[in-house]
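Results of the structural survey
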Amino acid sequence: MNKLLVVGLVLLFPSLLFGQENRAGRFAAFKSVEISDKRDVTFRVRAPNAKEVRLNCGDIPTAPDSPARSLTLGENGIWEITLPQVAAGSYRYTFSVDSTTIVDPLNDLCSPSNMAMWSLIHVPGSMFSDTKDVPHGAVCAIDYVSSTLNRTRRAHVYLPPGYEKGSDTYPVLYLLHGASDSDASWSTVGRAGTVLDNLIAAGKAKPMLIVMPAGHTGPFSFGGPSNLDEQMKQFQADFIIDLKPHIESRYRISTQRNHRAIAGLSMGGAQTLEIALSQLNEFAYIGVFSSGVFEFRGRGPSTEISKEWLDKHRTALTDAKLKDGLKLFWFATGKEDFLLKTTQETVKTLKEHQFDVTYEETDGGHTWIKWREHYLPEFAQKLFQD
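Below is a summary of the structure that appears in this document. Quick caveat, the model's predicted, so the values are computed rather than measured.

1. Some thoughts on the overall build of the protein
Scanning the protein from terminus to terminus reveals ten helices and 19 strands. By the burial criterion, 52% of the 386 residues in the protein qualify as buried. Once local pairs closer than 6 in sequence are excluded, the contacts in the protein between residues at least 24 apart make up 70%. Accessible surface computed for the protein: about 18,000 Å², of which carbon and sulfur atoms make up 52%.

2. Observations regarding unusual backbone geometry
The phi torsion at Ser 99 lies on the positive side, around 75°, for a residue other than glycine. Looking at the element boundaries, Ser 99 is found in the loop between β6 (89–97) and β7 (100–102). Even without being a glycine, Ser 266 presents a positive backbone phi close to 50°. Note that Ser 266 resides in the loop between β14 (260–265) and α5 (267–278).

3. Here we look at the packing of helix α3 (residues 192–201) against helix α10 (residues 368–381)
Their axes nearest at 10 Å, the elements α3 and α10 cross at an angle of 50°. With respect to α10, the element α3 is oriented oblique. Where α3 crosses over α10, the two elements pack in a sense that is right-handed. On α10, the residues touching Ala 192, Val 195, Leu 196 and Leu 199 of α3 are Arg 372, Leu 376, Pro 377, Ala 380 and Gln 381. Grouping the constituent residues of the contact of α3 with α10 by class yields seven nonpolar, one polar and one charged.

4. Section: the sheet that holds strand β5 (residues 78–83)
One open sheet accounts for four strands, arranged β1-β2-β5-β4; its pairing is antiparallel. A strand with exactly one partner marks an edge of an open sheet, and here the two such strands are β1 (33–35) and β4 (72–73). Looking at chain direction, strand β2 (residues 41–46) and β5 are connected through six bridges and run antiparallel. Its bridge partner being in β5, Thr 42 is matched across the sheet by Thr 82.

5. With respect to the side chain of Ser 266
According to the relative accessible area criterion, Ser 266 is buried, its value standing at 8%. A distance of 2.9 Å separates the side chain of Ser 266 from the side chain of His 366, its partner in a polar contact. When residues no more than four places from it in sequence are discounted, the contact partners of Ser 266 are Gly 178, Phe 289, Ser 290, Ser 291, Phe 294, Leu 339 and His 366.

6. Observations regarding the sheet that holds strand β19 (residues 357–362)
Taking strand neighbours across the sheet as the criterion, the eight strands line up as β10-β11-β13-β12-β14-β15-β18-β19 in an open arrangement whose pairing is mixed. In this open sheet, the two strands that pair with only one neighbour each are β10 (138–146) and β19. Shown here is a sheet whose adjacent strand axes are inclined to one another by a mean of 20°, direction ignored. Two strands pair when backbone bridges link them, and strand β18 (residues 328–334) and β19 are joined in this way by six bridges, in the parallel orientation. Its bridge partner being in β19, Ala 332 is matched across the sheet by Glu 360. Sitting on the sheet, α3 touches β10, β11 (151–159), β12 (172–176) and β13 (209–213), and the angle it makes with β11 is about 25°.

7. Quick look at helix α9 (residues 340–352)
The end-to-end C-alpha separation of α9 is 18 Å, in line with the 18 Å expected for 13 residues at 1.5 Å each. Here α9 has its buried residues at Leu 340, Thr 342, Thr 343, Thr 346, Val 347, Thr 349 and Leu 350. Where α9 ends, the next residue or the one after it, Gln 354, has phi of about 65°, a positive value.

8. So, the nonpolar core
Judged by nonpolar contacts, the single largest core of 41 residues is most densely connected at Tyr 174, Leu 209, Ile 247, Tyr 251, Ile 262, Phe 329 and Phe 355. With 33 residues, the next largest nonpolar core counts Leu 173, Ala 205, Trp 368 and Trp 371 among its residues.

9. Thoughts on α5
Under the 1.5 Å per step criterion, the end-to-end length of α5 is 17 Å for twelve residues, consistent within 8% with the ideal 16 Å. For α5, the buried fraction is high: eleven of the twelve residues fall into the buried class. All of the buried residues in α5 are Met 267, Gly 268, Gly 269, Ala 270, Gln 271, Thr 272, Leu 273, Glu 274, Ile 275, Ala 276 and Leu 277.

10. Points about the pairing of strand β9 (residues 117–123)
Burial of β9 is extensive: five of the seven residues sit out of reach of the surface. The pairing of β6 with β9 spans five bridges and is classified as antiparallel. Within β9, the residue paired with Ser 90 across the bridge is His 122. Two elements, strand β8 (residues 110–112) and β9, share three bridges in a ladder whose sense is antiparallel. Within the sheet, the bridge partner assigned to Pro 112 lies in β9 and is Met 117. Where β8 folds back on β9, the antiparallel hairpin that results is connected by four residues.

11. Some details on the packing of aromatic side chains
By the definition in use, this model includes 17 aromatic pairs. Note on Tyr 93 and Phe 95: the rings are 5.7 Å apart at their centroids and 75° apart in plane angle, and the pair reads as edge-to-face. For Tyr 93, a relative accessible area of 0% translates into the label buried. Judged by relative accessible area, Phe 95 falls into the buried class, the value being 0%. Taking 6.5 Å as the distance between ring centres and 75° as the angle between the ring planes, the aromatic pair formed by Trp 186 and Phe 289 counts as edge-to-face. Residue Trp 186 is located in the loop between β12 and α3, and its partner Phe 289 is located in strand β15 (residues 285–289); the two are separated by 103 residues in the primary sequence. For Trp 186, a relative accessible area of 1% puts it in the buried group. For Phe 289, a relative accessible area of 0% gives the class buried. Aromatic rings pair up to connect Trp 186, Phe 289, Trp 330, Trp 368, Trp 371, Tyr 375 and Phe 379 into one cluster. In this structure, Lys 323 is placed above the aromatic ring of Phe 355, and the distance from its NZ or CZ to the ring centre is 4.7 Å.

Here is what the cut-offs are and how they apply
All residue numbers here refer to positions counted from 1 along the written sequence of the relevant chain. At least 70 in pLDDT is required for a residue's local features to be given in this predicted model, at least 80 for side-chain atom pairs to be given and counted, and no such filter applies to totals for whole chains, interfaces and linings, which use all residues. In computing side-chain properties, one takes all heavy atoms of the structure into account and sets aside hydrogens as well as water. In this description a helix means any DSSP run of H or I spanning at least four residues, a strand means any run of E spanning at least two, and both kinds are numbered starting from the N terminus. Any residue under 20% of the maximum accessible area for its type is buried, any over 50% is exposed, and the rest in between are partly exposed; the area is computed with a 1.4 Å probe on protein chains only. Should any heavy atoms of two residues lie within 4.5 Å, those residues are counted as being in contact. Areas reported as accessible are Shrake-Rupley estimates using a 1.4 Å probe. Residue values count occlusion only from the protein chains shown. Interaxial angles span 0 to 180 degrees and are taken between N-to-C directions of axes, which are lines fitted to C-alpha atoms, for helices over the stretch in contact. An angle counts as roughly parallel when it lies under 35 degrees, as roughly antiparallel when it exceeds 145, as roughly perpendicular when it falls between 65 and 115, and as oblique in every other case. In this scheme, a crossing is called left-handed if the near helix is turned counterclockwise away from the far one by less than a right angle; it is called right-handed if the turn is clockwise. Under the grouping applied here, Gly and all other residues not named as nonpolar or charged are polar, the nonpolar ones being Ala, Val, Leu, Ile, Met, Phe, Trp, Tyr, Cys and Pro and the charged ones Asp, Glu, Lys and Arg. Strands are labelled as partners when DSSP assigns at least two bridges between them. Side-chain atoms alone can form a polar contact between residues adjacent in sequence; in general such a contact is a pair of N or O atoms within 3.5 Å, and within protein one must be able to donate a hydrogen while the other accepts it. Expected helix span is computed as 1.5 Å times (number of residues minus one). To qualify as a nonpolar core, a set must consist of buried Ala, Val, Leu, Ile, Met, Phe, Trp, Tyr and Cys residues joined through side-chain atoms within 4.5 Å. Think of it this way: a Phe, Tyr or Trp ring, Trp meaning its six-membered ring, pairs with another when their centres are within 6.5 Å, and the plane angle makes it stacked under 30 degrees, edge-to-face over 60, tilted otherwise. When the NZ atom of lysine or the CZ atom of arginine is within 6 Å of a ring's centre and also within 35 degrees of its normal, the charge is said to sit over that ring.

In structure tokens, the structure reads:
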């Protein structure tokens, strides 16, 4: 073939040389993630000198903790694995190349957690979390000064469609993430903004702001309970003293109790309980996903609620007037969730203290599949309807 013709074809059709274009308009030598019509997902990474490559993707149901996660070396030093019929939704993943964890260098979608970065994919077919042809809101990252922690902190905020063009006042949902995650988790792997876009467009949820703060106040690991206990206390103070007043001064949101909700998953569910029960006159809607009262005994949360916790929240537990303004106290946990007994004991205790608790025990475990595709959509549809 004529050299000038080859050069011309490459200039006109760079995909002949570099492969397909990604979201950012760049071209890659091969597709690192490919999703078939049947939702088979193929992952690829180039590591010609590696001896072993594995896929880390705990939330994908068809990727068990077994050699099935090991990639196979093919041509040109490209390792590959295909996971069949992956359920619709968003998933984090990384590659382990000879025991060194790396993100996908050809995927510009990412989802940060507290101390790590993950690559991200979205498998289409979700009723709630697919990007659809509807009016879209916006998710922005904001900074605020925390006098409690003596430093600048970050949060993510979802603004519903039309917010920037109007003057209306909106209700607000404070949405908290779980242990080891970050303020970006609900808007990346959790796709909270997309879920609300779709619900609002369908007339199933009221337009609202969603505030997604950073629930950790420092590095975190699962090595011991004391670190988490202290961080939960610090976060509660930061939320009440700094974050909430900042949001109310910066955005057009109602400060009335019946226009304010708080919810969280796992650690965020425990934080939700601590904040809401300490300020029950501030929140009309409370949501607890895969969680309950966290009180550590040894290396894990206890299912028994202590006298100290009951005494700490005595006012909220016994004041009938505070309960009168509470429109929804909603719990949901999966039957395979390791915090199932914690949830059950918390619900039992709250009902014994005359709280009108709604509890759904679902299928599934402690995964984003439940929080993103089930619990958030269901809870959001119950908010601010009157």
